[in-house]
Amino acid sequence: MSSTTLTPSASPLSRWRQYIALTKPRVIQLIVFCALIGMLLAVPGVPGPHELGLALAASVGIGLVASAAAAFNCLIEQHIDARMKRTAWRPTARGDLSRGQALLFSAVLGGAGMVLLHQAVNPLTAWLTFGTFVGYAVVYTVILKPLTPQNIVIGGASGAMPPLLGWTALTGEVSPEAVGLFLIIFLWTPPHFWALALYRAEDYARAGLPMLPVTHGSEFTRLQILLYTIVLVPATLLPFMQGLSGLLYLAAALVLGLMFIARAWKLWRGYSELLARKTFRFSIWHLSLLFGALLIDHYLRPWL
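All values derive from a computational prediction rather than experimental measurement.

**Considering the overall build of the protein**
Step number 1: The helix and strand tally for the protein stands at 15 helices and 0 strands.
Step number 2: A globule of 304 residues ought to have a C-alpha radius of gyration of about 19 Å, and the protein, at 20 Å, matches this closely.
Step number 3: Dimensions of the protein, computed from C-alpha atoms along their principal axes, come out at roughly 75 × 50 × 30 Å.
Step number 4: Pairs at least 24 apart in sequence give 75% of the contacts found in the protein among residues at least 6 apart.
Step number 5: Surface summary for the protein: the accessible area is close to 14,200 Å², and the carbon and sulfur share equals 69%.

Here is the structure:
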C-alpha cells in the first residue's frame, strides 16, 4: 500500500498563499488606500450610509481588478521574474503555479471586479478601471517595459488612477480635483521607482530590461529623481489651490516635499545603496502621509 505525502507547495494553505502572492498585496493595499482617499474627498462632510456602501463596493471592485492586473503581470513576466533576485520567489517564476492557473485566476478576479463596479457603483468607474487594467497589464507590462527606459513615466499613468477612480465612484464624473490627485501620483511614481531601480540595476540588467539606471547610468538617474521631486512639490499644492484642502494640508505638503527633495539632493550628490533604499522607503511614506494629511484636513477644516 503506497502513501502520498503532500509537499508544502501542494498543501491547500500554501497554494492559497501562492495565489495571494500573485496579487502583490502590499501594492494593492496602497492602491485601495489611494482610491479610498479619492472617495472620501469627493463627499462633503461625513459620508452617509449610501456613500459608505458605494465606497465599500468600489474598494472591493478596484482591489479585485488591480489584483487581476498584478496576477497578469506575474504571468507575462514569468521568465523575467525568474532571473531577478527580487522576484524569483514568485509562484509563477518558481513554476509552483502554471500559466493557465495564473491566467484563470486573473480572469476570475478581473471579471468579478468589473461586474461589481458596473452593477454596484457606476459604468464610468468600471470602464475607467478596465482601462487602467489594460494600461498596466498590457501597455506597460507587454509593450513599454521591455522597450523603453521611459516605461515607468508613460506607464505610471495607470498607477496614478486610483484616487481618480475613487472620486468617480462617488460622484459619477471626472472633475479637476480628481485630475489633480491623479497628477500627484503620476509625478511621484518616477522618483519612487527609480530609487528602487538604482540598487536593483544589476537585477534589471540580468533580466534584459531597459530601466533608466541600466541604459543611462546611475548619475543621470539620480538627476532625474531630483528633478522629478522638485516638479512634484508644486503638483502637491494643487488640492490647496483648487480649494479642496486648507492650511493644514498645505503645511504638510510643503514639509514632506522639502524632505523628499533633501533626500533626492543627497542621493544625487553622492550615491550609496543605503541612500537609495532610504529614498525609496521615504517615497512610500511621503505619499501615504501626504494623502493622510489631505484626508485629515478635509474633516478638520470646518473647525480650523
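**Description of the packing of aromatic side chains**
Step number 1: Counting across every chain of the model gives 10 aromatic pairs.
Step number 2: Relative to Y228, the ring of W194 lies with its centre 5.5 Å away and its plane at 75°, an arrangement referred to as edge-to-face. In this pair, W194 sits in helix α10 (residues 176-199) while Y228 sits in helix α12 (residues 212-236), placing the two residues 34 residues apart along the sequence.
Step number 3: By relative accessible area, W194 is classed as buried at 1%.
Step number 4: Among the residues examined, Y228 registers a relative accessible area of 18% and is labelled buried.
Step number 5: The cationic tip of R263 hangs over the ring face of F282; the distance from NZ or CZ to the ring centre is 4.2 Å.

**Describing the nonpolar core**
Step number 1: Among the nonpolar cores identified, the biggest contains 88 residues, and L22, L170, F193, W194, Y204 and F291 are the most heavily contacted of them.
Step number 2: It is α10 that contributes the most residues to this core, 14 residues altogether.
Step number 3: Setting aside residues no more than four positions away along its own chain, F193 makes contact with I152, Y204 and M211.

**Focus: the packing of α10 against α12**
Step number 1: Look at α10 against α12: their axes get within 8 Å of each other, and the N-to-C directions meet at 150°. When the axes of α10 and α12 are compared, the pair comes out roughly antiparallel. Crossing angle aside, the handedness with which α10 passes α12 is left-handed.
Step number 2: By residue class, the composition of the contact of α10 with α12 is 16 nonpolar, 5 polar and 1 charged.

**Describing unusual backbone geometry**
Step number 1: Non-glycine residue K24 carries a positive phi angle of around 50°.
Step number 2: For K24, the location among the structural elements is in the loop between α1 (12-22) and α2 (25-42).

**Describing the layout of surface pockets**
Step number 1: Of the pockets and cavities examined, the second largest pocket occupies roughly 160 Å³.
Step number 2: For the second largest pocket, the full set of lining residues is K85, L198, Y199, R200, A201, E202, D203, R206, Y271, E273 and R277.
Step number 3: Among the secondary structure elements, those contributing two or more residues to the lining of the second largest pocket are α10, α11 (201-207) and α15 (273-300).
Step number 4: Sort the elements by how many residues they give to the lining of the second largest pocket and α11 lands first, with 4 residues.
Step number 5: Partitioned by chemical class, the residues of the lining of the second largest pocket number 4 nonpolar, no polar and 7 charged.

**Observations regarding the environment of E173**
Step number 1: Note on placement: E173 falls in the loop between α9 (162-171) and α10.
Step number 2: Residue class for E173 comes out partly exposed when judged on its relative accessible area of 47%.
Step number 3: Once residues within four sequence positions are removed from consideration, E173 is found in contact with L124, W167 and T168.

**Brief notes about a positive patch on the surface**
Step number 1: A cluster of like positive charges, contributed by R263, K266, K278 and R281, occupies part of the molecular surface.
Step number 2: Mapped onto the secondary structure, R281 falls in helix α15.

Conventions we followed
Residues numbered from 1 in each chain as written. Predicted model: local features only at pLDDT ≥ 70, side-chain atom pairs only at ≥ 80, totals over all residues. Heavy atoms only, no water. Helix = DSSP H or I, 4+ residues; strand = E, 2+ residues; numbered from the N terminus. Rg over C-alpha atoms; globule rule 2.2 N^0.38 Å. Contact = heavy atoms within 4.5 Å. Areas by Shrake-Rupley, 256 points an atom, 1.4 Å probe, with all protein chains shown as cover. Phe/Tyr/Trp six-rings, centres within 6.5 Å; stacked < 30°, edge-to-face > 60°. Buried < 20%, exposed > 50% of the residue type's maximum accessible area, 1.4 Å probe, protein only. Lys NZ or Arg CZ within 6 Å of the ring centre and 35° of its normal. Core = buried A, V, L, I, M, F, W, Y, C linked by side-chain atoms within 4.5 Å. Axes fitted to C-alpha atoms, helices over the stretch in contact; angles between N-to-C directions. Parallel < 35°, antiparallel > 145°, perpendicular 65-115°, else oblique. Left-handed = near helix turned anticlockwise from the far one by under 90°. Nonpolar A, V, L, I, M, F, W, Y, C, P; charged D, E, K, R; others polar. 1 Å grid on protein atoms, 1.4 Å probe; cavity = no way out; pocket = protein on both sides within 12 Å on 5 of 7 lines; lining within 4 Å. Points joined across faces, edges and corners; volume = space filled by probe spheres on them. Patch = residues over 30% accessible without salt bridge, like charges linked within 9 Å, V, L, I, M, F, W, Y side chains within 5 Å. Salt bridge = Lys/Arg side-chain N within 4 Å of Asp/Glu carboxyl O. Lys, Arg positive; Asp, Glu negative; His and termini not counted. Charge placed at Lys NZ, Arg CZ, Asp CG, Glu CD.

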